[in-house]
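Geometric and topological summary
Below, each chain spelled out in residue letters.
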Amino acid sequence: MPVPGSWQETARAARLLNPDGGIATTIFTEMSALATRTGAINLGQGFPDQDGPQIVLDTAKKAIDAGVNQYPPGRGTPELLDAVIDHQKRFYNLALDTDNVLVTAGATEAIAATLLALLSPGDEVITFEPYYDEYAAVIALAHATQVTVPLSYPAFTPDVQSLQAAVTPRTRAIVINNPLNPTGTVFDARVLQQIVDVAVTHDLLIVSDEVYEHLVFEGLRHIPISTLPGAFERTITISSAAKTFSVTGWKIGWLSGPAELVSAILTVKQYLTFVNGAPFQPAVAAGLRLDDAFYTSIAAALQRKRDILVEGLEAAGFGVAPSAASYFVVADTAPLGYPDAELLSRELPELVGVVGVPVSAFASEKTAQSYRSLLRFAFCKRESVLAEAATRLTKLRR
Ligand code: PMP
Ligand code: GLN
């Protein structure tokens, strides 16, 4: 144990995230490393194995050649700010101005800057559970407390009574992720309005992570919570180029909301990364301006991939939760005789040459147990890769 008051002890932020000291790698890093080490098919970390639209890639290359290589403006490149504004109008009939928008280093920085800017020490923040791991980490870094509202396998549908019961006088914000990673749940208009009503009643902020907004299946429509009555003035909406344009390594994200909140977030953001990705910003702007056929085609292609993996998982004997969106599907390993998915995730490459991520990694200690036999698989891979993974997984039955 470090001496109290020593510099070792005051490595506070790191200790908040990993009390044992050292580097606590995220589950995604760990599982990708496992896949690389074993040569297994990586259905763990969510990244596509094919490039996105050529025009997006070409625009970035041209921007580099044209000398777009120095610091872009702090709020974002005008072309991208305009493209985000037009995108919100075109898809959701939301009218935004430049001061409602901020470009960030991926949705990751948007989430971090938002929570660091808007939370005070001692605030409580409600998230549904399972939740994207970053929320817990940043809430801790802000000296705030995460309060979770667990969702249950297999439907993972939010329940407003549980949400209401989680509110206390200290509650400052509700963080939602719609569509939800890791389950692929899409929140319908009724659920979203119930969340808004709770937020209005208790005067709470809403932070809405919508990075999978365009990857929604079966003709379902994504509804940004900020479009519902009473929501806009208290909501920060976050999205990213990563998933929509298959450029997870570019780290271009954006957020939008009321100008005063966005301005507070910009104040923090400029000391996190200042700016990023100058040549990628016009490229993402070109992507956001692609026609409707592009957007329909990415959802349809991913839906086919989901079907291949889901059919494979079912044939292999897994229980499978419905996934209506995102890159992900949750499977239950208990019917195959594996009650501990965390253990299984470490053995899976050895057993059948596939990697998945345990859903317990998206849960607090108190809830992890109820997700014990659940694994998340990513289907953002080529159809042939998914078919091969499905074949391999059939060998798991014992
Ligand atoms: N939110 C969710 C729900 C995610 O799955 C991810 C992972 N891509 C992010 C945020 C981070 O997005 P980005 O890569 O744009 O930082
Ligand atoms: N969002 C991706 C996932 O859920 C991974 C992001 C990351 O590696 N941090 O798999």
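Details of the structure are given in the entry above.
Described below are features of the structure shown in this document. Everything numeric in this text was worked out from a predicted model, so none of it was measured.

Points about the overall build of the protein chain
Check the secondary structure of the protein chain and you find 15 helices and 13 strands. Counting only C-alpha atoms and orienting by the principal axes, one finds that the protein chain spans roughly 60 × 55 × 45 Å. For the protein chain, buried positions account for 57% of its 398 residues. Intrachain contacts of the protein chain at a sequence separation of at least 6 include 75% that bridge at least 24 residues.

Points about the nonpolar core
The tendency in soluble globular proteins is for nonpolar side chains to be buried as a group. Phe-245, Phe-318 and Phe-377 are the most contacted members of the largest nonpolar core, which has 86 residues in total. If one sorts the elements of this core by residue count, helix H12 (residues 292–316) sits on top with eight residues. In this structure, Ile-126, Val-191, Ile-225 and Val-330 belong to the second largest nonpolar core, which totals 33 residues.

Considerations on the sheet that holds strand S13 (residues 374–378)
Judged by pairing direction, the sheet is antiparallel, and its four strands sit side by side in the order S9-S10-S13-S12 without closing on themselves. Two strands lie at the open edges of the sheet, namely strand S9 (319–320) and strand S12 (357–358), each paired on one side alone. Where S9 lies against strand S10 (residues 328–332), two bridges are found, and the strand directions are antiparallel. Residue pairing in the sheet places Val-320 in a bridge with Ala-331 of S10. With respect to the sheet, helix H13 (residues 341–352) is in contact with S12 and S13, its orientation differing from that of S13 by roughly 45 degrees.

Criteria and thresholds
Residues numbered from 1 in each chain as written. Chains lettered and ligands numbered in written order. Predicted model: local features only at pLDDT ≥ 70, side-chain atom pairs only at ≥ 80, totals over all residues. Heavy atoms only, no water. Helix = DSSP H or I, 4+ residues; strand = E, 2+ residues; numbered from the N terminus. Buried < 20%, exposed > 50% of the residue type's maximum accessible area, 1.4 Å probe, protein only. Contact = heavy atoms within 4.5 Å. Core = buried A, V, L, I, M, F, W, Y, C linked by side-chain atoms within 4.5 Å. Pairing = 2+ DSSP bridges. Axes fitted to C-alpha atoms, helices over the stretch in contact; angles between N-to-C directions.

Interpretation note: all reported values are geometric properties and have no functional meaning in isolation.
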